[in-house]
Amino acid sequence: MTTEQLYEELNYVNHSREKRLYYANLVLNNPDLVPKLLHILFQVDDKISCRAAWVFEFMCGEKLEAIIPHLDYFTEHMHKVHLDPAVRPVAKVCEYITKAYYSKTENDIQQALTPTHKERIIEVCFDYMINDEKIAPKAYSMNSLYLLGQDYDWIHPELVLILERDFQMQSSGFKARAKQILHKIKKH
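Note that the coordinates shown come from a computational prediction; the quantities given were computed from them, not determined experimentally. (Residues numbered from 1 in each chain as written. Predicted model: local features only at pLDDT ≥ 70, side-chain atom pairs only at ≥ 80, totals over all residues. Heavy atoms only, no water.)

With that settled, the discussion passes to the overall build of the protein chain. Each helix and strand in the protein chain was counted, giving 11 helices and 0 strands. Secondary structure elements of the protein chain occur, N-terminal to C-terminal, as α-α-α-α-α-α-α-α-α-α-α. Since a compact globule built from 188 residues should have a radius of gyration of about 16 Å, the 17 Å found for the protein chain is in line with a globular shape. When its C-alpha atoms are laid out on the principal axes, the protein chain stretches across 50 × 35 × 25 Å. By residue count, 51% of the 188 residues in the protein chain fall in the buried class. When the accessible surface of the protein chain is totalled, it reaches about 9,500 Å², and 50% of it is carbon and sulfur. (Helix = DSSP H or I, 4+ residues; strand = E, 2+ residues; numbered from the N terminus. Rg over C-alpha atoms; globule rule 2.2 N^0.38 Å. Buried < 20%, exposed > 50% of the residue type's maximum accessible area, 1.4 Å probe, protein only. Areas by Shrake-Rupley, 256 points an atom, 1.4 Å probe, with all protein chains shown as cover.)

A separate point is the packing of aromatic side chains. For the structure shown, the criterion picks out 6 aromatic pairs. Centroid distance Phe126 to Trp154: 5.7 Å. Interplanar angle 25°. Geometry classified as stacked. One end of the pair, Phe126, is in helix H8 (residues 115–130); the other, Trp154, is in the loop between helix H9 (135–148) and helix H10 (155–166), and 28 residues separate them in sequence. Residue classification places Phe126 among the buried residues on the basis of a relative accessible area of 11%. Linked through ring pairs, Phe42, Phe56, Tyr73 and Phe74 together constitute an aromatic cluster. (Phe/Tyr/Trp six-rings, centres within 6.5 Å; stacked < 30°, edge-to-face > 60°.)

On to the state of the cysteines. Each disulfide is one covalent bond, formed between the sulfur atoms of two cysteines. Across all of its chains, the model carries 0 disulfides by this definition. Residue Cys50 stays outside any disulfide, its sulfur separated by 16 Å from that of Cys94, the closest cysteine. Cys50 sits in the buried class, given a relative accessible area of 5%. Free of any disulfide, Cys94 has its nearest neighbouring cysteine sulfur in Cys125, separated by 4.9 Å. Residue classification places Cys94 among the buried positions, given a relative accessible area of 0%. (Disulfide = S-S within 2.5 Å.)

Before going further, it helps to examine the packing of H8 against H10. For the pair H8 and H10, the least separation of the axes is 11 Å and the interaxial angle reads 15°. It follows from the interaxial angle that H8 and H10 lie roughly parallel. Note on packing geometry: the crossing formed by H8 with H10 is left-handed. For the pair formed by H8 and H10, the contact residues are Ile122, Phe126, Met129 and Ile130 on the first element and Ile155, Glu158, Leu159, Ile162, Leu163, Arg165 and Asp166 on the second. The residue makeup of the contact of H8 with H10, split by class, is 8 nonpolar, no polar and 3 charged. (Axes fitted to C-alpha atoms, helices over the stretch in contact; angles between N-to-C directions. Parallel < 35°, antiparallel > 145°, perpendicular 65-115°, else oblique. Left-handed = near helix turned anticlockwise from the far one by under 90°. Contact = heavy atoms within 4.5 Å. Nonpolar A, V, L, I, M, F, W, Y, C, P; charged D, E, K, R; others polar.)

Attention now goes to the nonpolar core. Counting residues in each nonpolar core, the largest one holds 71 residues, and the members touching the most others are Phe56, Met59, Ile67, Phe74, Ile97 and Leu163. By residue number, the principal contributor to this core is helix H4 (residues 48–62), which donates 10 residues. Ignoring any residue separated from it by four or fewer positions in sequence, one finds Phe74 in contact with Leu38, Phe42, Phe56, Ile67, Val90, Val93, Cys94 and Ile97. (Core = buried A, V, L, I, M, F, W, Y, C linked by side-chain atoms within 4.5 Å.)

Below, the discussion takes up H9. Taking 1.5 Å per residue, 14 residues should reach 20 Å; H9 reaches 20 Å between its end C-alpha atoms and fits that length. Along H9, 12 of the 14 residues are buried, which leaves the element largely enclosed by surrounding structure. Those residues of H9 lying buried are Pro137, Lys138, Ala139, Tyr140, Ser141, Met142, Asn143, Ser144, Leu145, Tyr146, Leu147 and Leu148. Buried positions along H9 lie against helix H6 (84–101), H8, H10 and helix H11 (172–187). (Expected span 1.5 Å × (residues − 1).)

The next thing to look at is the packing of H10 against H11. Interhelical geometry of H10 versus H11 gives an angle of 145° and a closest axis separation of 10 Å. Crossing geometry of H10 relative to H11 is assigned as left-handed. The segment H10 lies against H11, with His156, Leu159, Val160, Leu163, Glu164 and Asp166 engaging Phe174, Ala178, Ile181, Leu182, Ile185 and Lys186. Among the residues forming the contact of H10 with H11, the class breakdown is 8 nonpolar, 1 polar and 3 charged.

Moving on: the environment of Pro85. Among the secondary structure elements, Pro85 is positioned in helix H6. Looking at Pro85, the relative accessible area reads 39%, which means it is partly exposed.

Here it is in structure tokens:
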């Protein structure tokens, strides 16, 4: 399947779990489609890029190791994503990656994730925290930053500042997640 054909197929993706899973499995069963999917995902001004992001998130949710050959490309370009429906899946994939990296269960992400990848994830997560994003990307970013703060001692103090500063102006969902993260940081 060419990039153009994949692009056309993405027109059929909608919010249904069934459609996203169908296309995620299509990509997983044809690994040569992953770079094509990412290429479409990073056409950031095109609405179809959001559908590519949904499929990519589902793909990573099904089999995170499929991202490994593409970690450089993904982390290099993820900061360009700006449409709300695409930002959320990108933040979720960052959370998948950091959770896998800090998992007690040994996995391939732990060997594949480089300091450069981590720094790019940190940067995009802090951007999501300080920009006017919806609650979901902020929640995923908080969690990723909390985990990464175990290796980068400057992250937790910065995260605490942002959470405390924004606490009063945010939604109840933000407040609930922020309380959890602040509690975990203070326990350390």
